[in-house]
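Chain residues, written in single-letter form:
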Amino acid sequence: MKRFKRFMKWATVMFAFSVVFSFCITSQAAERKKGVVYVNPLNYISVLKMRMEENSFSSFSVYYAEKGDYIADVKTSKKNLRAEVTDQTNSSDSGDATITLYSAKEGNYTVSFNVRKIDGSVRGTYKMKVYCTKNSFIYNKIMLNKTAVYQSRTKKSGDTTTRSVKSNYKISSGLKSAKLKVTPNKGYSITGITVISVDKNGNYSYKTIKNGKKINLSQKYEYEGRSTGSYKMRSARKITYVYISYKDKYLGSSVKYSITKTHGVKEIKKVTKRANRQTSTSYSKVPAADIKLSAY
């Protein structure tokens, strides 16, 4: 229980494109309503499911409906998951609480609890589905032919688990094509791969392939030219840009890349579906990718 007391709240940094041509939210932003309890809210929409890693802590928030509300009767479906209210504030009309979890073993769990009013009566009963896996990385391994360019690793020793990622995207400059295979971690599925490469004429080539198929690799530097003093200049690498579409079957979230000419030129369209079922769409003319395979 001491580990619960030492647990600190953590924040998730959302990934965004470094250069975006245009961006639009296809779902309206929600607002917090008075008299409503929100559990694990994302944009003020309750999300009654979450991921966490084996042998680690995680937490979720509960926003109260009224002053005086509090959480009681916290239970878990299995002994390998512990749950405890570690923070509770209700000095105003918009109080909140944090329920912290510790999982000793991977598996599917349920956390149930009541939100009670100031007089002790039950305002509502809630159940949070918890999907615990060995690690939360999307990809387990990415192979280019027989070479692993990405590998996520999990090492458990007693009550300590170490998680790491090893990657090396440097490839042979003479390689023209290669088989690309992405193996996801538990609960994820790969739904498609989009590749941008530079052909021998210096033009961008856009392709969508199935997982495990061959991709064309860049054969020319993105930029080559001469300065006013006749010095040769070029980009440092031949880069092949790889975009990986995936779905999280536990949370229902997904990321899907496609090639479009919505704005008159070829660009990458990214549609993100979140666990609260809201979606956002962005477009990028300048390649920014999940993986950049580089030949020097």
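This structure is a prediction, so every number in the text was calculated from the model and none was measured.

### Regarding the overall build of the protein chain
Here is step 1: Looking only at helices and strands, the protein chain has one helix and 24 strands in total.
Here is step 2: Within the protein chain, buried positions represent 42% of all 296 residues.
Here is step 3: Counting every atom, the protein chain has about 16800 Å² of accessible surface; 49% of that belongs to carbon and sulfur.

### Concerning the environment of Ala 97
Here is step 1: Positionally, Ala 97 belongs in strand S7 (residues 96-103).
Here is step 2: Discounting residues that sit within four places of it in the chain, Ala 97 has contacts with Phe 60, Ser 61, Val 62, Tyr 64, Ile 71, Asp 87 and Gln 88.

### Considering the nonpolar core
Here is step 1: Counting 31 residues, the largest nonpolar core has Ile 142, Leu 144, Ile 193, Ile 215, Ile 244 and Leu 293 as its most contacted members.
Here is step 2: For this core, the secondary-structure elements that each account for two or more residues are strand S10 (139-144), strand S11 (147-157), strand S14 (177-184), strand S15 (188-198), strand S16 (204-209), strand S20 (238-248), strand S21 (254-260) and strand S24 (291-295).
Here is step 3: Here the element with the most residues in this core is S20; it accounts for six residues.
Here is step 4: Among all residues touching Leu 293, those that are not within four sequence positions of it are Leu 144, Tyr 169, Ile 171, Ile 215, Leu 217, Lys 238, Ile 239, Thr 240 and Val 242.

### Concerning the confidence of the model for the protein chain
Here is step 1: For the protein chain, the average pLDDT comes to 86, and 83% of its residues sit at 70 or higher.
Here is step 2: Of all the helices and strands in the protein chain, strand S1 (residues 22-25) carries the lowest mean pLDDT, 40, while S14 carries the highest, 98.
Here is step 3: Scored below 50 in pLDDT, residues 1-28 shows 56 contacts in the model against residues more than four places distant or in partner chains.

### Describing the sheet that holds strand S3 (residues 49-53)
Here is step 1: Strand order in the open sheet made by the four strands is S3-S9-S8-S5, with mixed pairing throughout. Because the sheet does not close on itself, it has two edges, and the strands there are S3 and strand S5 (70-76). Averaged over neighbouring strand pairs, the angle between their axes works out to 30 degrees when direction is ignored.
Here is step 2: With five bridges connecting them, S3 and strand S9 (residues 122-133) associate as parallel partners. Looking across to S9, one finds that Lys 49 is bridged to Lys 129.

### Re the environment of Thr 98
Here is step 1: Examined against the element boundaries, Thr 98 turns out to sit in strand S7.
Here is step 2: With a relative accessible area of 3%, Thr 98 lands in the buried category.
Here is step 3: A sequence separation of 13 residues divides Thr 98 from Val 85, and the C-alpha atoms of the two residues are 5.8 Å apart.

### Let's talk about the packing of aromatic side chains
Geometrically, a pair of aromatic rings is defined through the distance of the ring centres and the angle of the planes.
Here is step 1: This structure, assessed with the given rule, holds nine aromatic pairs.
Here is step 2: Ring geometry for Tyr 131 and Tyr 250: centres 4.6 Å apart, planes at 0 degrees, overall stacked. Linking Tyr 131 in strand S9 with Tyr 250 in the loop between S20 and S21, this pair joins segments that are 119 residues apart in sequence.
Here is step 3: Residue classification places Tyr 131 among the buried positions, given a relative accessible area of 14%.
Here is step 4: The exposure class of Tyr 250 is buried, given its relative accessible area of 11%.

### Regarding the sheet that holds strand S4 (residues 56-63)
Strand pairing in a sheet relies on backbone hydrogen bonds, with the paired strands running either antiparallel or parallel.
Here is step 1: Strand order in the open sheet formed by four strands is S2-S4-S7-S6, with antiparallel pairing between adjacent strands. The open sheet has two free edges, formed respectively by strand S2 (38-39) and strand S6 (81-89), since each of these has just one partner strand.
Here is step 2: Inspection of the sheet shows S6 paired to S7 by eight bridges, in the antiparallel sense. What sits directly across from Leu 81, in S7, is Ser 103.

### Some points on the pattern of salt bridges
Here is step 1: Applying the stated criterion across every chain, the model contains eight salt bridges.
Here is step 2: Here Arg 116 makes a salt bridge to Asp 73, at a shortest N to O gap of 3.0 Å. With Arg 116 in strand S8 (residues 107-116) and Asp 73 in strand S5, this residue pair connects regions lying 43 residues apart in the sequence.
Here is step 3: Note on Asp 73: relative accessible area 36%, which makes it partly exposed.
Here is step 4: The residue Glu 106 makes a salt bridge to Lys 134 at a minimum N-O spacing of 3.5 Å. Here Glu 106 is found in the loop between S7 and S8, whereas its partner Lys 134 is found in the loop between S9 and S10, with 28 residues between them in sequence.
Here is step 5: The exposure class of Lys 134 is partly exposed, given its relative accessible area of 41%.

The rules behind these values
Residues numbered from 1 in each chain as written. Predicted model: local features only at pLDDT ≥ 70, side-chain atom pairs only at ≥ 80, totals over all residues. Heavy atoms only, no water. Helix = DSSP H or I, 4+ residues; strand = E, 2+ residues; numbered from the N terminus. Buried < 20%, exposed > 50% of the residue type's maximum accessible area, 1.4 Å probe, protein only. Areas by Shrake-Rupley, 256 points an atom, 1.4 Å probe, with all protein chains shown as cover. Contact = heavy atoms within 4.5 Å. Core = buried A, V, L, I, M, F, W, Y, C linked by side-chain atoms within 4.5 Å. pLDDT = per-residue confidence, 0-100. Pairing = 2+ DSSP bridges. Axes fitted to C-alpha atoms, helices over the stretch in contact; angles between N-to-C directions. Phe/Tyr/Trp six-rings, centres within 6.5 Å; stacked < 30°, edge-to-face > 60°. Salt bridge = Lys/Arg side-chain N within 4 Å of Asp/Glu carboxyl O.

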